[in-house]
Amino acid sequence: MYSKKCEEVLNELQVDDLVGLSPSEIAPRRAKFGENIIEGTKQKGLIKRVLETFCDPMILILLFALTVTAGVNVGKLFKTGDANFTECIGVLAAVMLSVSITAFMERKSEKAFELLQNISDKSLVKVLRGGETRLIPKSELVVGDVVFISAGDRIVADGRIIKANSLSIDESTLTGESKPRYKRADIVLSEKEHLADRINCAFSSTMCVTGSGEMVVTAVGNNTEIGKIAGELQIKNKISAPLNEKLTRLGKWIAIIGGISAAVTFVVSAIRLYLSGNFNFDSVQEIFIESVVLIVAAVPEGLPTIVAVSLSLNVMKLAKENALIKKLVVAETAGCVSIICSDKTGTLTTNRMTVERFILPVGAETVALPSFVYDNILLNSTAGEATQNGKKALSGNPTECALIDFATKTKKVNPNDYRRKFPVVSRSEFSSENKYMSTKTRVNGDFIEFYKGSIEKLCAILQIKNDVSVLKKKADLYADEGGRIIAFAHKTQDGECLIDGIAVIVDPVRGDVKNSVSECKRAGIRVMMLTGDGENTAFAVAKKLGIAAGKNEVLNAADTEKMSDEKLISILPEISVIARSTPLTKLRVVKLLKKTGEVVAVTGDGVNDAPAIKQADIGIAMGNGSEIAKEAGDIVLLDDSFSTIIKAISFGRNVFRNFRRFVTFQLTVNFSAVATVLIALFLGLKSPFNALQLLWLNIIMDGPPALTLGLEKPTANLLGEKPKKRTDNLVDKKTALKIMLSTVYITAATSLQMLTNFMNVPQNEISTSVFSLFVLLQLFNSFNCRKTGSESVFKDFFGNKPMLAAFGLAAAVQFLITQFLGSVFGTVPLSAPTILKMLLVSFGVIAVSEISKLVYIALFKKNTKRNLKLSYMS
C-alpha cells in the first residue's frame, strides 16, 4: 500500500475517509481479512515434551542399560534369591534427572509468543465509523478502519497514513532505527522500499511521539509486520545445541564399542563352551548375560548427572555475574560461540540520545551555552517534563529531550515553568517537508524568532549575517561519524539573522563494549552488527568499537535481498555490518551462518531482534530490553553489559573442558575394567572382581572422585583459544590417545598382577591386591584427567581442593574395605609392603602420562624450552 496514493488505497479498500466503515461492513471484513489478534500454534503438553526427551541417544543407551541391568538382577532374584538393584536405582535417577531438567526448561518460545499477544496496551482505539468518532477495543479493528493517531498513542495495526500533522513515530522496537520517523501522507514509495523507510505507513507495536494524523488499516493480527515476527517465533529451531550433538556422537561410539565387545565376548565364550562340551541352554544364557553386562559397563551412566550438575553450578555462578540463563545447555554452548551478531540500538549503544558536543560558529566547543541557544532549546521545543510512573521525566521527541537535558545541566530549571515566562506568539513545527522548527516569542520585551534544523536549511531560508563556513565543515565531519547535527539560529526584532552554533547528538556506545569486542577477537570470535540504522551511522559506531575497519565491510540489507543464499554465504566472512536490517534479514543471516557450521550468538533488545534471538544457538537479551526479546532469549543480561557475554563464554569453555575431563576419567575406568574382565574371560579365569567390588568401582566412577573433575575453575588462557566447532567431539584424537595410554597401563598392571603376581605379594593377598591396585590406579589417573593438553599434573596441584578431598576419602574407604571389611567384600588385609608397592605402581600411571607429554613437547611443540617452563615450572 505504500507504493500507491492515498486515494488509490482508499478506493482499493472501498473506504470513505470522511465516513469510515459502516456497522454492516465490520463482520464481512473480519471474516475476509482476519481478526486483530496474533494467533499461534497449539503448544506441546508436558507429557509430549517428556516423551520427546526420552528420544535423546544418551538417554536411550541408559534406558537400554537400565532394562538389561534390571533383567539380569530379576533373573538372579528368581534363580538364586539374591539380587542387587542399587545400580538400577542409580541409572534410573540419572535418567529422570536429565529428562526433568530438559522437559521443564522448554517454555521460552511459548512465553515469548504469549507476550507478543499483549504487546499493545489495553486502551481503546479512536476510529471513524459511520461518520462518527468511536472508541473500540483494539481486537475489534478491521482492515479498512480509519484510525486517529495522536502523540502518546501506541499503534495497534498496520496502516497507510492518509493525514499527517508533524506526525513522528518511534519504530525502534520494530526496525532498530534509533530516531523517530516523521510520516507523510502525500508521498508514494517504491515497491522495494525498506521497512524502515516507509514513511507513509504506520506499524503495529510502534509509538506516536509527536503530532497527529490518520491512517487507514491495511493489515491486522498475523498479517501485520509484528504478526510476521510472531510467526517466526513459532518455527522450531531444527539445529540442536552443540553439546547435544557432541553427546549424541559420543553415545553412538560408546554403543558401538560396547556392542562389539559384547559380540566378541559372546562368540569367544560360545566357542570355548562348544569345545569343552558344556554347550547347553543354561550356559549359553549365562554367557549372553555376561556379554550384555559388558555393554552396561561401557556406558558412563554418570555422564547425564555430571552434565546436569556442572551446568547447574555454572548457571548459578553466571547469575552472580548478572547473566540469567534460562536453559541449562546454554551454559556450555556459550563456550562454543564463534560469532556474535549484535543489534546496535540499545545493545551496543544506550538507546538514549545525548548531546555529545556544542560547537560555536568560530569552531570552538563549549558547555556554557550562549543565552540565545539556551532560550532556543527551551522555548523552541514541544518536549517537556511529565510524570511517568510517579516520577518526573522528560517526555517528547528524543532529540529535543537530549537538547533540554544538555541545556538544563548547566542551568537547573523546569522547562515547563520557563516557557510560562515567555508566551509563544507563533510556531511552525518540524516536519519531514520543511526540516526545521521555529518559534516566535517575546524575550525581555523584544520579539525574537528562534530556529533549529539542518544548517543547510537554515542558511537557505534565512539571510545569515555571520560566517558559518567553519561550522559547516564541522557539521559534515561529525555527520560522517554518525552524529545528528542540529543547527540553531535566531532573528532579532530588527530582522538580523545569526547562526548561534550546532549540537552534535549521538546515541552513545556503552562503556564496556569496545574492550569486550577486543576480547572477542582475542578469543577467536567475530562480532557482526545487524542494525536498522543507515550505513553511515552504522559504520561510524562499528569503526568506533573496532567491529569494522572500512566501509567495504558494510552491506545494505536491500542488497542482500537480491542475493541467493549461496552468494550471501560466500561474502558473509568479509562483512562486519549489515545496515537497514529488518527482522527477516537478521533471521536469514543467522540461519545461513549456522548452515556454514558457525555457533551463533545473537544479542538484542527489541521486538525486531526476537526471531533472530530465538533462532540463534544462544539468544542474548538486554535486561532493559523488550519483554519479547527477553522471553525469546536464552540469556538475559541483567546489567545490560556486553562484557558479561565474555564471562559467559569463558565459563562455557570451562564447562566443555570439565566435561572432557570427566569423560576421559569415566571412559578410562570403563574400558580398563572391560579389558581386564575380557582378559580373564578369554583365559578361562574367573572375573577378578565380585559383585560388591564392581559396585564400589561404580561409586568411584560416578561418585565424588569423578564429579569433582567438573569443578575445575577457568584458567587465564581460556579466551586465548579458538572456539570449539559444532563438529568437535568431547573425545578428540589427543583425548582418545590419553584414554588409550592410561587404559593400556592400568589394564597391563592389573592383568600382570592377576596372572604373574609381579609385585611378589603373599599368595593369599593376590586377589585383594588386584582389586585394590585397580582402584588406586583409577584414583591416581584422576589427576591425569585434570589437565588437558600438555600441562603437567603438578601445575596448580592444589587448585581443586574438593577433588583432593574426594581422592583422600576414596583412598581411605578403600583401605577400610581391604583391612576391616574383608568378610563383606571378599578381601583380606594387605601388608604394609604390599600397600607401598601398589602406591608405587599406581603412581606409575602419572609418570607414564608425564613422560608422554615430554615426548610430545619434544617432537611436536615449537619453543620447547618455553613450553617446558610453562608446563613444569609455573
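Presented here is a report on the structure given in the accompanying data block. None of these values were measured; they are calculated from a predicted model.

1. Some details on the overall build of the protein chain
Line of reasoning, step 1. On a plain count of helices and strands, the protein chain comes out with 33 helices and 24 strands.
Line of reasoning, step 2. Of all 874 residues assigned to the protein chain, the portion counted as buried reaches 53%.
Line of reasoning, step 3. On the protein chain, roughly 38400 Å² of surface is accessible, and the fraction owed to carbon and sulfur atoms is 59%.

2. Considering the sheet that holds strand E14 (residues 424-428)
Line of reasoning, step 1. Spatial ordering of the open sheet is given by E11-E10-E18-E17-E16-E15-E14, a layout of seven strands whose pairing is antiparallel. What marks the edges here is a single partner per strand, and that holds for strand E11 (365-366) and E14.
Line of reasoning, step 2. By the bridge criterion, two bridges tie strand E10 (residues 354-359) to E11 in an arrangement that is antiparallel. Bridge pairing links isoleucine 359 to glutamate 365 in E11.
Line of reasoning, step 3. Set on the sheet, helix H13 (residues 371-379) makes contact with E10, E14, strand E15 (436-443), strand E16 (446-453), strand E17 (484-491) and strand E18 (497-506); between it and E16 the angle comes to about 75 degrees.

3. Some thoughts on the packing of helix H25 (residues 643-682) against helix H29 (residues 766-786)
Line of reasoning, step 1. Contact pair H25 / H29: the axes reach a minimum separation of 9 Å and the direction vectors enclose 150 degrees. By the angle between their directions, the pair H25 and H29 is classed as roughly antiparallel. You can see that H25 and H29 cross each other, and the crossing is right-handed. Facing Arg661, Thr664, Phe665, Thr668, Val669, Ser672, Ala673 and Thr676 of H25, the residues of H29 in contact are Phe774, Gln778, Asn781, Ser782, Cys785 and Arg786.
Line of reasoning, step 2. Its residues assigned to classes, the contact of H25 with H29 comprises five nonpolar, seven polar and two charged.

4. Section: a positive patch on the surface
Line of reasoning, step 1. Positive charge collects at one region of the surface, where Lys317, Lys320, Lys713 and Lys801 lie side by side.
Line of reasoning, step 2. If you trace the backbone, lysine 317 turns up in helix H11 (residues 303-320).

5. Some words on the pairing of strand E2 (residues 132-136)
Line of reasoning, step 1. Note that strand E1 (residues 125-129) and E2 share five bridges and pair antiparallel. In the strand pairing of E2, lysine 126 is matched with leucine 135.
Line of reasoning, step 2. Between E1 and the antiparallel strand that follows it, E2, lie two residues; glycine 130 among them carries a positive phi value of about 60 degrees.

6. Regarding the sheet that holds strand E19 (residues 526-530)
Line of reasoning, step 1. In spatial order, the strands read E8-E24-E23-E22-E9-E19-E21-E20; together these eight strands make up an open sheet with mixed pairing. The two strands at the open ends of the sheet, each matched to only one other strand, are strand E8 (323-325) and strand E20 (554-556). Pairs of neighbouring strands in the sheet enclose a mean axial angle of 20 degrees, with direction left out of account.
Line of reasoning, step 2. Relative to strand E24 (residues 635-637), E8 is paired through three bridges, and the arrangement is antiparallel. Residue pairing in the sheet places isoleucine 325 in a bridge with isoleucine 635 of E24.

7. Digging into the side chain of asparagine 757
Line of reasoning, step 1. Structurally, asparagine 757 is set in the loop between helix H28 (733-756) and H29.
Line of reasoning, step 2. A residue is classified by how much of its surface remains accessible, and asparagine 757, at 15% relative accessible area, is buried.
Line of reasoning, step 3. The contact partners of asparagine 757, leaving out residues within four places of it in the chain, are Leu752 and Ile766.

8. What to know about H28
Line of reasoning, step 1. Here H28 spans 33 Å end to end across 24 residues, near enough to the 34 Å set by a 1.5 Å rise per residue.
Line of reasoning, step 2. Here H28 has its buried residues at Thr735, Lys738, Ile739, Ser742, Thr743, Ile746, Thr747, Ala749, Thr750, Ser751, Gln753 and Met754.
Line of reasoning, step 3. Asparagine 757, located one to two residues past H28, shows a positive phi value of around 55 degrees.

9. A few points about the pattern of salt bridges
Line of reasoning, step 1. On inspection of all chains with the given rule, the structure shows 27 salt bridges.
Line of reasoning, step 2. The salt bridge involving aspartate 405 is made with lysine 409; its shortest N-O contact spans 3.9 Å. In this pair, aspartate 405 and lysine 409 both sit in helix H14 (residues 398-410), four residues apart, roughly one turn of the helix.
Line of reasoning, step 3. Residue glutamate 850 is joined to lysine 853 by a salt bridge in which the shortest nitrogen-to-oxygen separation is 3.2 Å. Note that glutamate 850 and lysine 853 are positioned in helix H32 (residues 832-860) at a spacing of three residues, about one turn of the helix.

10. Structural notes on the packing of aromatic side chains
Line of reasoning, step 1. Under the criterion given, the structure shown has 12 aromatic pairs.
Line of reasoning, step 2. Relative to tyrosine 451, the ring of tyrosine 436 has its centre 6.2 Å away and its plane inclined at 35 degrees; by these criteria the two rings are tilted. One end of the pair, tyrosine 436, is in strand E15; the other, tyrosine 451, is in strand E16, with 15 residues separating them in the sequence.
Line of reasoning, step 3. Using a relative accessible area of 17% as the deciding quantity, one classes tyrosine 436 as buried.
Line of reasoning, step 4. Accessibility expressed as a relative area gives 6% for tyrosine 451, which makes it buried.
Line of reasoning, step 5. Taking 5.2 Å as the distance between ring centres and 85 degrees as the angle between the ring planes, the aromatic pair formed by phenylalanine 797 and phenylalanine 798 counts as edge-to-face.
Line of reasoning, step 6. In this structure phenylalanine 798 comes out as exposed when scored by relative accessible area, which is 59%.
Line of reasoning, step 7. Through successive ring pairs, a cluster of aromatic residues spans Phe780, Phe783, Phe794, Phe797, Phe798 and Phe807.

11. Structural notes on the packing of H29 against H32
Line of reasoning, step 1. Contact pair H29 / H32: the axes reach a minimum separation of 9 Å and the direction vectors enclose 35 degrees. Read as a crossing pair, H29 and H32 show a hand that is right-handed. The segment H29 lies against H32, with Ser769, Ser772, Leu773, Leu776, Leu777, Phe780, Asn781, Phe783 and Asn784 engaging Thr834, Met838, Leu839, Val841, Ser842, Phe843, Val845, Ile846 and Ser849.
Line of reasoning, step 2. Residues that form the contact of H29 with H32 fall into these classes: 11 nonpolar, seven polar and no charged.

12. Quick word on the environment of cysteine 785
Line of reasoning, step 1. Mapping cysteine 785 onto the fold places it in helix H29.
Line of reasoning, step 2. Accessibility expressed as a relative area gives 3% for cysteine 785, which makes it buried.
Line of reasoning, step 3. When the C-alpha positions of cysteine 785 and alanine 706 are compared, they lie 9.7 Å apart, and in sequence the two are 79 residues distant.
Line of reasoning, step 4. Apart from the residues lying within four places of it in its own chain, the contact partners of cysteine 785 are Arg661, Thr664, Phe665, Leu709 and Lys738.

13. Concerning unusual backbone geometry
Line of reasoning, step 1. You will see that serine 205, though not glycine, has its phi angle at about 85 degrees, which is positive.
Line of reasoning, step 2. Relative to the helices and strands, serine 205 resides in the loop between strand E6 (201-202) and strand E7 (207-219).
Line of reasoning, step 3. By relative accessible area, which is 2% here, serine 205 ends up buried.

14. Looking at the side chain of asparagine 608
Line of reasoning, step 1. For asparagine 608, the position within the fold is in the loop between strand E22 (600-604) and helix H23 (610-615).
Line of reasoning, step 2. For asparagine 608, a relative accessible area of 0% gives the class buried.
Line of reasoning, step 3. Residues within four places of asparagine 608 in sequence aside, it is in contact with Ser172, Thr173, Leu174, Thr175, Gly176, Ile229, Pro583 and Lys586.

15. A look at helix H22 (residues 583-595)
Line of reasoning, step 1. The end-to-end C-alpha separation of H22 is 18 Å, in line with the 18 Å expected for 13 residues at 1.5 Å each.
Line of reasoning, step 2. For H22, the complete set of buried residues consists of Pro583, Thr585, Lys586, Leu587, Val589, Val590, Leu592, Leu593 and Lys594.
Line of reasoning, step 3. Glycine 597 lies just past H22 and shows a positive phi near 100 degrees.

Rules used throughout
- Residues numbered from 1 in each chain as written.
- Predicted model: local features only at pLDDT ≥ 70, side-chain atom pairs only at ≥ 80, totals over all residues.
- Heavy atoms only, no water.
- Helix = DSSP H or I, 4+ residues; strand = E, 2+ residues; numbered from the N terminus.
- Buried < 20%, exposed > 50% of the residue type's maximum accessible area, 1.4 Å probe, protein only.
- Areas by Shrake-Rupley, 256 points an atom, 1.4 Å probe, with all protein chains shown as cover.
- Pairing = 2+ DSSP bridges.
- Contact = heavy atoms within 4.5 Å.
- Axes fitted to C-alpha atoms, helices over the stretch in contact; angles between N-to-C directions.
- Parallel < 35°, antiparallel > 145°, perpendicular 65-115°, else oblique.
- Left-handed = near helix turned anticlockwise from the far one by under 90°.
- Nonpolar A, V, L, I, M, F, W, Y, C, P; charged D, E, K, R; others polar.
- Patch = residues over 30% accessible without salt bridge, like charges linked within 9 Å, V, L, I, M, F, W, Y side chains within 5 Å.
- Salt bridge = Lys/Arg side-chain N within 4 Å of Asp/Glu carboxyl O.
- Lys, Arg positive; Asp, Glu negative; His and termini not counted.
- Charge placed at Lys NZ, Arg CZ, Asp CG, Glu CD.
- Expected span 1.5 Å × (residues − 1).
- Phe/Tyr/Trp six-rings, centres within 6.5 Å; stacked < 30°, edge-to-face > 60°.

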